[in-house]
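# Structural overview for review
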Amino acid sequence: MAGTDMDPEVARGLFEEGATLVLLGVPEGTELGLDYKTWTLGPRFRGVKMIPPGLHFLHYCATNSSGACGEIGPKTGLFLSLKPREVLVAHWNKREEDLEFSQDPEEAERIRASLRELDGYLGPYPYDTLRKWVSLTDRLSQEVAIALQPLSGRVCAFSDVIPELRLTHTRDREEQNLPRNDRECQSMKEGLDRLPRMKLREGTELRFSSIPQQAYPPGSTPAQITQYSLDWSYALNCVLESHYKEQPLNVLGELQFAFVCFLVGNVYEAFEHWKSLLALLCRSEEAMKERKELYLGLIAVLYHQLGEIPPDFFVDIVSQNNFLTSTLQDFFQFASSPGVDSTLRKRAEKFKVHLTKKFRWDFDADLDECAPVVVELPEGVTVD
C-alpha cells in the first residue's frame, strides 16, 4: 500500500482521532479496499490506520494462489461505522476465505497497546478519496445501512443460492413428480425443467424496500388507474410510509446504499434496485409538490452519483434506449409544472443544463405526450 500525501495538520488529526482496522492473516495478493480505494496486498500488510470516523465500506476478493493464474474470487463487502480512536480487529478465516471480526475486548486492548510496533505494517487511509466517498454516502446513516445489508452482515457480488428442494436420488425426483435425470432430454424445455429451482440462502439477501407492484389504491376506477400510472406518488408514499415514516429523507440513503453496493461492491441486483427506486422518485409529480426537501436532496445525490459512471452506461444494448434520460426527462417535466416550489424548479433547471452540457443528453426531445398509456385493470373491472 503506497503512502498518501496529505496536509500535516490533517495527518496529525487523523493520527490522534482516526480509527484503526487491524486485519490479521489476510493472504498476500488479496484485493482489499476501503471505500473508494482498492489495493493488492503485500506480505507486510496488517491493516489500515488513520481512518476518519464515520461510515465506511470494507471490501475484499480472495485469491486462489494454487490456480494457474492466481484467480480472484467474487467480491465481499460490509459497512462499518467507526468511532474516533476505535481499534477493530479481524482475523482471516482460510476455510471460509472471509474476515472474522474479534468480539474479544481484551484482544482489542492488547493490540491498541502495541499499535506503535504495528505502525509500519498499517497502510494510511486513502485521504485523497475521502471527499468523493463522503459525497456518495452523506445521506446514508449507520442505521439505514444496517437495516439494508443482509442479516449475514456481508454484501456479496454473487448471490449465495441453494436448491429449493434436496433431490439427491432419482426416487426423490419421482416423489416430486419431476422428470428423471437418467434419460436423454427430448427438448430444451425438458432440459430446463430438470434443472433444480434455486433460492437465496437465508440471511444473504439485501433487504431493500419493496416497491408496490400495484401502483394504485384498491378500488380505483379505470380513470384513477390511468392517473396513478402517470403519477407514481401513491406508490412512493407507500414506500415512505412502510419504511421511512419517521424520516422520509432516509430513502435517499437507500438510493446511496444501492449505488455503492453496485459501484464498489459489484452487486448487479443493487443496480436494478437503484434504477427502480430512482424511477419511482422521478415519476411522482404530486410528491414533488409536497416534498421539496426530498427532491432538493435527490438532485444533490444524483449530481455526485452520475459523475462516477460513463454516459453510455445506461444505454440498453438491444433497444438503444437510455434508461436515465427517459427517467430524468419525466423528472424535469414534472419539476417545471405549476405548484412545484420555485427553489426546486430553479435547481432542477440548473441540473438539467449541467447534465446536457456534461453528457450531451437531450431532455427536450419529443415526450410522446399523446402516446397511449397501457394500464392493467384489476380483476373484475371493465371499461364500457
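Rules behind the numbers
In this convention, every chain numbers its residues from 1, walking through the sequence in written order. Under the rules for a predicted model, residues below a pLDDT of 70 receive no local features and side-chain atom pairs below 80 are neither given nor counted, while totals for whole chains, interfaces and linings still include all residues. Only hydrogens and water are set aside; all other atoms, that is, all heavy atoms of the structure, feed into the side-chain values. Numbering of helices and strands runs from the N terminus; a helix is a DSSP stretch of H or I covering at least four residues, while a strand is a stretch of E covering at least two. By this rule the span expected of a helix is its residue count minus one, scaled by 1.5 Å. Using a 1.4 Å probe on the protein chains alone, a residue whose accessible area is under 20% of its type maximum counts as buried, one over 50% counts as exposed, and one in between counts as partly exposed. Think of the arc as the fan of directions from the helix axis to the C-beta atoms. The term polar contact refers here to a pair of N or O atoms within 3.5 Å; inside protein, the definition further demands a hydrogen-donor-capable atom paired with an acceptor-capable atom, and it admits residues adjacent in sequence only when both atoms are side-chain atoms. Side-chain atoms within 4.5 Å are what join buried Ala, Val, Leu, Ile, Met, Phe, Trp, Tyr and Cys residues into a set we call a nonpolar core. We call two residues in contact whenever any of their non-hydrogen atoms come within 4.5 Å of each other. Following DSSP output, two strands are said to pair if at least two bridges run between them. Aromatic pairing here means that ring centres of Phe, Tyr or Trp (its six-membered ring) are within 6.5 Å. Orientation follows from the plane angle: under 30 degrees is stacked, over 60 is edge-to-face, and everything else is tilted. Either the NZ atom of lysine or the CZ atom of arginine qualifies as a charge over a ring when it sits within 6 Å of the ring centre and within 35 degrees of the ring normal. Here an axis means a line fitted to C-alpha atoms, over the contact stretch when the element is a helix, while the angle between two N-to-C directions is reported on a 0 to 180 degree scale. We call two directions roughly parallel when the angle between them is under 35 degrees, roughly antiparallel when it is over 145, roughly perpendicular when it lies between 65 and 115, and oblique otherwise. In this scheme the crossing of two helices becomes right-handed for a clockwise turn of the near helix relative to the far one and left-handed for an anticlockwise turn of less than a right angle. The term salt bridge refers to a pairing of a side-chain nitrogen on Lys or Arg with a carboxyl oxygen on Asp or Glu at a separation within 4 Å. A residue's pLDDT is the predictor's confidence in that residue, given on a scale from 0 to 100.

## Some points on helix 15 (residues 342-359)
A rise of 1.5 Å per residue sets the reference length of helix 15, with its 18 residues, at 26 Å; its end C-alpha atoms lie 26 Å apart and thus fit the reference within 8%. Listed in full, the buried residues belonging to helix 15 are Leu344, Ala348, Phe351, Lys352, Leu355 and Phe359. All buried residues of helix 15 lie within an arc of 105 degrees about the axis, which places them on one face of the element. Away from the buried face of helix 15 by more than 90 degrees, exposed residues Lys346, Lys350 and Lys357 are located. Where helix 15 begins, the capping side chain belongs to Asp341, and its oxygen is found 2.8 Å from the backbone nitrogen of Thr343. Arg360, located one to two residues past helix 15, shows a positive phi value of around 60 degrees.

## Describing the nonpolar core
Among the nonpolar cores identified, the biggest contains 87 residues, and Leu58, Trp274, Tyr295, Leu298, Leu328 and Phe331 are the most heavily contacted of them. Filtering out sequence-adjacent residues up to four positions away, Phe331 remains in contact with Cys282, Met288, Tyr295, Leu298, Ile299 and Ala348. Val22, Val87, Leu115 and Leu118 belong to the second-largest nonpolar core, a separate cluster that totals eight residues.

## Considerations on unusual backbone geometry
Even without being a glycine, Asp35 presents a positive backbone phi close to 60 degrees. Checked against the element boundaries, Asp35 lands in the loop between strand 2 (31-34) and strand 3 (37-40). The residue Asn266 is not glycine, and still its phi comes out positive at about 65 degrees. Secondary-structure assignment places Asn266 in the loop between helix 10 (250-263) and helix 11 (268-282).

## What to know about the sheet that holds strand 8 (residues 76-82)
Overall, antiparallel pairing links the five strands, which are arranged 3-2-5-8-12 in an open sheet. Two strands bound the open sheet, and with one partner strand each, they are strand 3 and strand 12 (155-156). Of the strand pairs in this sheet, strand 5 (residues 54-61) and strand 8 are connected by seven bridges, and their pairing is antiparallel. Each bridged residue has a counterpart across the sheet, and for Phe57 the counterpart in strand 8 is Phe79.

## Remarks on the packing of aromatic side chains
The geometry of an aromatic ring pair is captured by the separation of the ring centres together with the interplanar angle, meaning the angle of the planes. Under the definition given, this model contains 15 aromatic pairs. Centre to centre, the rings of Tyr60 and Trp92 are 5.9 Å apart; their planes meet at 75 degrees, and the pair counts as edge-to-face. Of this pair, Tyr60 sits in strand 5 while Trp92 sits in strand 9 (residues 87-93), and the two are 32 residues apart along the sequence. In this structure, Tyr60 and Trp92 share a single accessibility class: buried. These aromatic residues form a ring-pair network of at least three members: Tyr295, Phe331, Phe332, Phe351, Phe359, Trp361 and Phe363. Over the face of the ring belonging to Tyr121 we find Arg44, whose NZ or CZ atom lies 4.7 Å from the ring centre. Over the aromatic face of Phe323 sits the side chain of Lys275, whose NZ or CZ is 5.4 Å from the ring centroid.

## Some details on the packing of helix 10 against helix 13 (residues 292-306)
It is at 10 Å that the axes of helix 10 and helix 13 come closest, and there the two elements cross at 15 degrees. Our classification of the angle between helix 10 and helix 13 gives roughly parallel. Considering only the axes of helix 10 and helix 13, their crossing is right-handed. Counting all contacts with helix 10, which are made through Val251, Leu252, Leu255, Gln256 and Phe259, the residues of helix 13 involved are Leu294, Gly297, Leu298, Val301 and Gln305.

## Description of the pattern of salt bridges
Enumeration over the complete set of coordinates arrives at twelve salt bridges. For Asp364, the salt bridge is made with Lys352, and the minimal N-O distance between the two is 2.9 Å. With Asp364 in the segment after helix 15 and Lys352 in helix 15, this residue pair connects regions lying twelve residues apart in the sequence. Residue classification places Asp364 among the exposed positions, given a relative accessible area of 58%.

## Concerning the confidence of the model for the chain
With 79% of its residues at a pLDDT of 70 or more, the chain has an overall mean of 85. For the stretch residues 369-375, pLDDT sits under 50, and the model shows six contacts to residues farther than four places along the chain or on other chains.

## Comments concerning the sheet that holds strand 10 (residues 98-101)
Here we have five strands laid out as an open sheet, ordered 10-9-1-4-11, and mixed in their pairing. Two strands bound the open sheet, and with one partner strand each, they are strand 10 and strand 11 (122-124). Each strand axis lies, on average, 25 degrees off the axis of its neighbour in the sheet, ignoring direction. Judged from the four bridges that link them, strand 9 and strand 10 form a sheet pairing that is antiparallel. The residue bridging Ala90 from the neighbouring strand is Phe101, located in strand 10.

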